[in-house]
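# Structural characterization, general
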Amino acid sequence: ARAGHHAAMREIFRAHLATSAAQDALAELAALVAAERVCLLCFEADPRHCHRLLVADALAARMSVAIRHIH
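From a predicted model like this one, the values you see are computed outputs, not experimental measurements.

Our next topic: the nonpolar core. Met 9, Phe 13, Leu 17, Ala 22, Leu 26, Leu 29, Ala 30, Val 33, Leu 54, Val 55, Ala 58 and Leu 59 form the largest nonpolar core, which has 12 residues in total. Ranked by residues supplied to this core, first place goes to helix α2 (residues 20–35) with 5 residues. When sequence neighbours within four positions are dropped, the list of residues in contact with Leu 29 reads Val 38, Leu 40, Val 55 and Leu 59.

This is how it looks when you write it as structure tokens:
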């Protein structure tokens with residue numbers, strides 16, 4: 001991603017999100033979101049080029065959630 005290969009980063013990270021460990025982490029995140037307000041943070045300024053967008057999208061596929069980017 002730092003080299004500007006955003007499509008490759010998304011492909012690699014989507015494959016990672018399919019793993020059982022990532023699915024377990026998403027379940028934990030969903031439980032947190034159900035209980036309180038949550039903010040996903042990253043050093044990437046543009047959410048279109050960041051893994052946090054993929055995490056947020058995966059979370060939104062599990063539950064109804066409002067996603068807001070604060071940049």
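This brings us to the packing of helix α1 (residues 6–17) against helix α3 (residues 51–62). Viewed as axis vectors pointing N to C, α1 and α3 meet at an angle of 40°, and their least axial separation amounts to 10 Å. In terms of orientation, α1 lies oblique with respect to α3. For the element pair α1 and α3, the recorded crossing hand is right-handed. Along its contact with α1, which presents Met 9, Arg 10, Phe 13, Arg 14 and Leu 17, the element α3 presents His 51, Leu 54, Val 55 and Ala 58. Looking at the contact of α1 with α3 residue by residue, the class counts come to 6 nonpolar, 1 polar and 2 charged.

Let us look at α3. Compared with the 16 Å implied by 1.5 Å per residue over 12 residues, the 17 Å span of α3 between its first and last C-alpha is a close match. Turning to α3, its buried residues number three or more, namely Arg 52, Leu 54, Val 55, Ala 56, Ala 58 and Leu 59.

Procedures and definitions
Within any chain, residue numbers begin from 1 and follow the written order of that chain's sequence. Thresholds applied to this predicted model are a pLDDT of at least 70 for local features of residues and 80 or more for the giving and counting of side-chain atom pairs; totals over whole chains, interfaces and linings are not thresholded and use all residues. The side-chain numbers reported here are obtained from all heavy atoms of the structure, hydrogens and water having been left aside. To form a nonpolar core, buried Ala, Val, Leu, Ile, Met, Phe, Trp, Tyr and Cys residues must be joined to one another through side-chain atoms within 4.5 Å. Note on classification: 1.4 Å probe, protein chains only; a residue is buried when its accessible area is under 20% of the maximum for its type, exposed when over 50%, partly exposed between these limits. A run of DSSP states H or I qualifies as a helix once it reaches four residues; a run of E qualifies as a strand once it reaches two. Both are numbered from the N-terminal end. Any pair of residues with heavy atoms lying within 4.5 Å of one another is described as a contacting pair. Note on definitions: angles span 0 to 180 degrees between N-to-C directions of axes, and those axes are lines fitted to C-alpha atoms, for helices only across the stretch in contact. In this scheme, roughly parallel covers angles under 35 degrees and roughly antiparallel covers those over 145, while 65 to 115 is roughly perpendicular and the rest are oblique. Left-handed describes a crossing in which the near helix is turned anticlockwise from the far one by less than a right angle; the clockwise case is right-handed. Throughout this entry, Asp, Glu, Lys and Arg are counted as charged residues, while Ala, Val, Leu, Ile, Met, Phe, Trp, Tyr, Cys and Pro are counted as nonpolar. The remaining residues, Gly among them, count as polar. Here the expected span of a helix is defined as 1.5 Å times the quantity of residues minus one.

All we've got here are geometric facts, nothing functional implied.
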